[in-house]
Amino acid sequence: MFGAMSAYLGRFILPFHKLDKLGKLQKQLLRYNSSQSSSKVLEHLKNKSLLRVRGHEASIFLQGLITNDMKHFEQGAANLYALFLNIKGRVMYDVIVYRSQEDNVYYIECDLQAVDPLQKHLKMYRVRKRIDIDHLGDNMNVWTLFDPAYYMDNKRSDDNRQKLEGLIFPCGTLNNKVSKVVDNIMIYEDPRLSDLGIRILAESNIGRDEIIRHLNCESLESTDSLSYREYRYKLGVAEGIEDLPPGMPLPLEINCDYLHGVNFHKGCYIGQELTARTYHTGVVRKRLMPLLFDEVPTESFPYDYKIINENGQPVGKFRGLENRSGLGLMRITESLNAKSLTISNIKLKVLKPVWWPQEIQAQNAFVSKKE
């Protein structure tokens, strides 16, 4: 179904022992020494689904609807992270767009709950363009392979807190220009963060054991180990309708710029005006950040529930929770400077994501405020 594509396995995958169409043996070594114990986790993302957009005008069509730039594909990108916005500039759906090896064919990964409304949204704007928009349903599954140990090894101390205060970053050059296809298994780097590992698109009749065999991973953590959702929360990355209710979040507040998901220099797209205006102010005061609870809460919190500091002042709003890890939309300076934080009298800490741009980068990429 997919055919052969250029090879990339990265630090997560041991060498393949499969031949591509050209008969070349694809080999890549792990970033870590093979003697190190493996903590990699392979998880079937059952809350994800795929749409397929195909036709000669598919790229032009998507260009006018998403925050990212489809021209990255012309420059060799294998996939990209993007948002669909409503006319008010708020996030409707977060997606990953994959380039197929077939000409003028793209796969759109989205939340399972969003697939029907997103398909309707696309068809509404299709007008007379000659493109097909199909839901692949149960024909393909989405998997992720990530390595929690890599995140822990690279976790930086909070003692040296750079004062970014929400500086806005253009999404920069994409490096995810490589992918791999073998026996109907498509392998891509996650376009947002290297910490998030790789995405795997596989036909639904291909099970976990077969994927592991093709990845040639000697050992993986059990399926009841750290979940992908909890891992995302530790990193401070939101995904899907539960974290991003349609029509509520703002693109830059969910770190879309830091995650290479918005292009500030492309042509017009739906919802661009508010994002562009925020970009020209230079700063976003509130951003999604990881929360760490002292203990696993025994109660659930509604979306937008207030997080307060030691003076009883609200400095953030609750977004999601998995075990002791959560997400909050936090006032960056106030929450990092708070002596204590609580939600419903439960103590927690806010962490600055380790992948946020550093201060020296901030100085180089600073966007001045309008006079």
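Here, every reference points to the structure presented above.
Rules used throughout
- Residues numbered from 1 in each chain as written.
- Predicted model: local features only at pLDDT ≥ 70, side-chain atom pairs only at ≥ 80, totals over all residues.
- Heavy atoms only, no water.
- Pairing = 2+ DSSP bridges.
- Helix = DSSP H or I, 4+ residues; strand = E, 2+ residues; numbered from the N terminus.
- Axes fitted to C-alpha atoms, helices over the stretch in contact; angles between N-to-C directions.
- Contact = heavy atoms within 4.5 Å.
- Buried < 20%, exposed > 50% of the residue type's maximum accessible area, 1.4 Å probe, protein only.

(A) Region of interest: the sheet that holds strand 4 (residues 91-99). In spatial order, the strands read 3-4-5-2-6; together these five strands make up an open sheet with antiparallel pairing. Taken across any chain shown, the strands that pair with only one partner, and hence form the sheet edges, are strand 3 (79-85) and strand 6 (132-135). Direction aside, neighbouring strands of the sheet carry axes that sit 30° apart on average. Pairing of strand 2 (residues 48-54) with strand 5 (residues 105-111) involves seven bridges; the strand directions are antiparallel. When the bridges of strand 5 are listed, Ser49 appears paired with Cys110. Running over the sheet, helix 3 (residues 115-126) touches strand 2, strand 3, strand 4, strand 5 and strand 6 and is turned about 170° from strand 6.

(B) Looking closely at the environment of Leu122. Its location among the elements puts Leu122 in helix 3. Every residue in contact with Leu122, bar those within four places of it in the chain, is listed here: Leu51, Val53, Phe61, Leu62, Leu65, Phe84, Ile108 and Ile133.

(C) Representation of the sheet that holds strand 16 (residues 346-350) in the model. Spatially, the six strands close up into a barrel ordered 11-14-13-12-15-16, and their pairing is antiparallel. The average undirected angle you get between the axes of adjacent strands in this sheet is 40°. As paired elements, strand 11 (residues 286-293) and strand 16 share three bridges and run antiparallel to each other. Across the sheet, residue Leu292 finds its bridge partner in strand 16, namely Lys349. Sheet strands in contact with helix 6 (residues 228-235) are strand 11, strand 13 (314-322) and strand 14 (325-331), and its direction is about 155° off that of strand 13.

(D) Structural view of unusual backbone geometry. The phi angle at His260 is positive, at roughly 60°, despite the residue not being glycine. Mapped onto the elements, His260 comes out in the loop between helix 7 (240-243) and helix 8 (272-281). Relative accessible area serves as the criterion here: at 27%, His260 is assigned to the partly exposed category. A positive phi angle is found at Asn323, which is not glycine, with a value near 60°. Positionally, Asn323 belongs in the loop between strand 13 and strand 14.

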